[in-house]
Amino acid sequence: MKIAYIPSAVKKPFSVIDQAIVSALKKMEHQLFWLKPGSLTKDWKRRPFDPRLVLAMLGERLGPEETAWIQDLPVPKAIWYTDDPYAIDSSLQTAGAFDLIFTNESQAVPLYKQKTRAQVFHLPLAAPLQLYYPEKTVPSGYRSDLALVGSAFQNRLQGVRKLSPFLFRYKTRLVGPGWYRLQHLPNISVRRGWVEADEVRRYYNGAKIVLNIHRSYDDPYLQKNTHQVKADTPNNRVFEIAACRAFQLVDERKDLGRLFQPGKEIITYRTLEELKEKIAFYLPRPHLCQKIAHRAFERTRKEHQYENRLRQILKLVR
């Protein structure tokens, strides 16, 4: 298929998703040209062919004039919102321009149906296997008992603070913006600032357990979820950790059971007390962790690559 692609144009963290989408479409032998936010009409005039689909990601960088221009294009137009529900207020500003809306969050579907005339579908994120994969060995600086990668959003920061007396006995790494606030805690190593995928992969591969703590739907950082849409779908990290064949403990979300088999492919927890119990149980059982991580790895390779998601999009477009 001939596709005009509008990237998110947001570097952190969405450039990785853009790269994964483009790589997957090329691998699937579709023809692409880019329409960059800020120069859509100029890029359109230079297009090498007439597309059968306009596919946009996120839409954060699209202004009102470009959104109106997209709406008038005489081809099917689809967008995949990948930061719901946290930035859904921004998403709703562009949603009216598209015929098909895909959202990473199942709880966002009813709101889009209420606010637009588009066909709306739930489409979770996935893993780019060219970036996230198992490594037999990693440098010692990436090894840990426990690793948590991601921004220190309020609920994560509070959770780790409460866990800190328990974490004292383990070698713990906190990786990402904001964790400097906890660098004074004993036996906790902090890697400050944004970390590229190549390094994230090493932290995942070097950890005995990766902690995957979801961001709260009502986190105050962006303040772009005024509709208070809740979050039931797991984040992209659940797939990326699994793609590294790393063992993870992830806080429970309702949609997880549709994507992995709880207890067999993925281990979840509901409270910090339960998390402590499961850390204490699984850390001394590396062979069990490896079996569970391997099952998640195989499931991800089979069902949770970006090629899988794009096939769903293109099937619905056709």
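Check the entry above for the structure.
Residues numbered from 1 in each chain as written. Predicted model: local features only at pLDDT ≥ 70, side-chain atom pairs only at ≥ 80, totals over all residues. Heavy atoms only, no water.

Trainee: Provide a residue-level description of the packing of aromatic side chains, including the pertinent values.
Mentor: The final tally for this structure, using the stated rule, is 14 aromatic pairs. Ring plane angle 75° and centroid distance 5.3 Å describe the contact between F33 and F49, whose orientation is recorded as edge-to-face. You can see F33 sitting in strand β2 (residues 31–34) and its partner F49 sitting in the loop between α2 (40–45) and β3 (53–57), a full 16 residues away along the chain. Across the pair, F49 and F33 agree in class, each one buried. Each ring, one from F102 and one from F121, has its centre 5.4 Å from the other, and the planes form 25°; the classification is stacked. (Phe/Tyr/Trp six-rings, centres within 6.5 Å; stacked < 30°, edge-to-face > 60°. Helix = DSSP H or I, 4+ residues; strand = E, 2+ residues; numbered from the N terminus. Buried < 20%, exposed > 50% of the residue type's maximum accessible area, 1.4 Å probe, protein only.)

Trainee: Give me the lowdown on the pairing of strand β7 (residues 144–149), citing residues and values where you can.
Mentor: Counting buried residues along β7, six of its six residues qualify, which places the element largely inside the surrounding structure. Pairing of β7 with strand β10 (residues 207–212) involves four bridges; the strand directions are parallel. Within the sheet, the bridge partner assigned to L148 lies in β10 and is L211. Here β7 pairs with strand β8 (residues 172–175) via four bridges, running parallel. Note on β8: the bridge partner recorded for A147 is R173. (Pairing = 2+ DSSP bridges.)

Trainee: Account for the side chain of D251, naming residues and giving values.
Mentor: Here D251 is to be found in strand β11 (residues 248–251). Look at D251: it is buried, it has no salt bridge, and the nearest opposite charge is R253 at 5.0 Å. When sequence neighbours within four positions are dropped, the list of residues in contact with D251 reads N212, I213, H214, L256 and Y269. (Lys, Arg positive; Asp, Glu negative; His and termini not counted. Salt bridge = Lys/Arg side-chain N within 4 Å of Asp/Glu carboxyl O. Contact = heavy atoms within 4.5 Å.)

Trainee: Requested: an account of the nonpolar core, with residues and values cited.
Mentor: If you look at the biggest cluster of nonpolar residues, it comprises 29 residues, and the most contacted ones within it are Y132, Y204 and F260. Among the elements of the structure, β7, α7 (197–206), β10, α8 (236–243) and α9 (256–259) are those that each provide at least two residues to this core. Residue contributions to this core peak at five residues, all from α8. Setting aside anything within four residues of it in sequence, one finds Y204 in contact with Y132, V149, V210, R237, E240, I241, C244 and A246. (Core = buried A, V, L, I, M, F, W, Y, C linked by side-chain atoms within 4.5 Å.)

Trainee: Outline the pairing of β3, supporting the account with residue identities and numerical values.
Mentor: Burial runs high along β3: five of the five residues are buried. Covered by surrounding structure in β3 are L53, L55 and M57 together with V54 and A56, the residues of both alternating faces. In this structure, strand β1 (residues 2–6) lies alongside β3, joined through four bridges in parallel fashion. When the bridges of β3 are listed, A4 appears paired with V54. Relative to strand β4 (residues 77–81), β3 runs parallel, the two being bridged by four bridges. Directly across from L55, in β4, lies its bridge partner A78. Of the crossover connections in this fold, the one passing from β3 over helix α3 (residues 64–71) to the parallel β4 is right-handed. (Right-handed = clockwise from strand over helix to strand, strands pointing away.)

Trainee: How would you explain empty space enclosed by the protein if you had to name every residue and give the values?
Mentor: Enumeration according to the criterion identifies two cavities of 30 Å³ or more in this entry. Approximately 40 Å³ is the volume found for the largest cavity. The wall of the largest cavity is formed by L148, V149, R156, Y204, V210, L211, N212, I213, R237 and I241. Contributing elements (two or more residues each) for the lining of the largest cavity: β7, β10 and α8. With three residues, the single largest contributor to the lining of the largest cavity is β10. Grouping the constituent residues of the lining of the largest cavity by class yields seven nonpolar, one polar and two charged. Looking at the second largest cavity, the residues that line it are A246, F247, Q248, E265, I266, I267, I292, A293 and A296. Counting residues per element, the lining of the second largest cavity draws most heavily on helix α11 (residues 286–303), which supplies three residues. Tallied by class, the residues present in the lining of the second largest cavity amount to seven nonpolar, one polar and one charged. (1 Å grid on protein atoms, 1.4 Å probe; cavity = no way out; pocket = protein on both sides within 12 Å on 5 of 7 lines; lining within 4 Å. Points joined across faces, edges and corners; volume = space filled by probe spheres on them. Nonpolar A, V, L, I, M, F, W, Y, C, P; charged D, E, K, R; others polar.)

Trainee: Outline α3, supporting the account with residue identities and numerical values.
Mentor: Turning to α3, its buried residues number three or more, namely E66, T67 and I70. The arc that holds every buried residue of α3, seen down its axis, measures 100°, which confines them to one face. Counted as exposed and oriented over 90 degrees from the buried face of α3: P64 and E65. Taken together, the buried residues of α3 touch β1, α2, β4 and α4 (88–94). (Arc of directions from axis to C-beta.)

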